Amino acid sequence: MNPIIEKIEKENLKKSMPPLPIGSQVKVTTRIIEEGKERQHHFTGILIAKQGRNIRSSITVRRLSGNTSLERVFFIHSPSVIKIEMLRKGIVRKSKLYYLRGKIGKETRIEEKTE
């Protein structure tokens, strides 16, 4: 890769990122600017996928709201993402949990890892 691009990417990488295993419940805090006002928005859900690496890395978080499921993709190193907290670790065997899309309610539960 071009050394200039590498240098720019290293400057913009976030230093303190917790390990994010697939199947864990995460809380993503983002910064939203509307009409000159700034506020924080929290999105809590199950981490179902991770893509990319370095500055291009992203995560897909899924949550259920009633009978409706919401999925959102976050770029980890984006300036709009303030922090990512891991609330619970889950025990899964797959790297992508897309099979949860067809399930509703208790079927979407993932066993919690206790240490």
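Structure shown above.
This report concerns the structure included in the present document. (Residues numbered from 1 in each chain as written. Predicted model: local features only at pLDDT ≥ 70, side-chain atom pairs only at ≥ 80, totals over all residues. Heavy atoms only, no water.)

Once that is clear, we can look at the overall build of the protein chain. Scanning the protein chain from terminus to terminus reveals one helix and five strands. Going residue by residue from the N terminus, the α and β elements of the protein chain occur as α-β-β-β-β-β. The buried share of the protein chain, taken over its 115 residues, is 26%. In the protein chain, the proportion of contacts linking residues at least 24 apart, taken out of those at least 6 apart, comes to 52%. With the model as given, the accessible surface of the protein chain reaches about 8,200 Å², and the carbon-plus-sulfur share is 50%. Computed over 25 positive and 12 negative side-chain charges, the separation of the two mean positions in the protein chain equals 4 Å. (Helix = DSSP H or I, 4+ residues; strand = E, 2+ residues; numbered from the N terminus. Buried < 20%, exposed > 50% of the residue type's maximum accessible area, 1.4 Å probe, protein only. Contact = heavy atoms within 4.5 Å. Areas by Shrake-Rupley, 256 points an atom, 1.4 Å probe, with all protein chains shown as cover. Lys, Arg positive; Asp, Glu negative; His and termini not counted. Charge placed at Lys NZ, Arg CZ, Asp CG, Glu CD.)

Taken in spatial order, the five strands make up an open sheet running 4-3-2-1-5, and their pairing is antiparallel. A single partner strand is all that each edge strand has here, and the edge strands are strand 4 (68–75) and strand 5 (81–88). The average angle at which neighbouring strand axes cross in this sheet is 40 degrees, direction not considered. The sheet contact formed by strand 1 (residues 25–34) and strand 2 (residues 37–51) spans 10 bridges and is antiparallel. (Pairing = 2+ DSSP bridges. Axes fitted to C-alpha atoms, helices over the stretch in contact; angles between N-to-C directions.)

On to the pattern of salt bridges, then. The full count for this structure, using the stated rule, is seven salt bridges. For Arg31, the salt bridge is made with Glu38, and the minimal N-O distance between the two is 3.1 Å. According to the relative accessible area criterion, Arg31 is partly exposed, its value standing at 35%. Given a relative accessible area of 54%, Glu38 falls into the exposed group. For the salt bridge of Arg39 with Glu34, the shortest nitrogen-to-oxygen distance reads 3.5 Å. (Salt bridge = Lys/Arg side-chain N within 4 Å of Asp/Glu carboxyl O.)

Now for unusual backbone geometry. The backbone of Glu35 shows a phi angle near 50 degrees, a positive value even though the residue is not glycine. Mapped onto the elements of the fold, Glu35 is located in the loop between strand 1 and strand 2. Residue classification places Glu35 among the exposed positions, given a relative accessible area of 85%. For Asn54, which is not a glycine, the phi torsion comes out positive at approximately 55 degrees. For Asn54, the location among the structural elements is in the loop between strand 2 and strand 3 (58–65).

To continue, consider the environment of Glu34. Considering the arrangement of structural elements, one finds Glu34 in strand 1. Placed 72 residues apart in sequence, Glu34 and Lys106 show a C-alpha to C-alpha distance of 36 Å.

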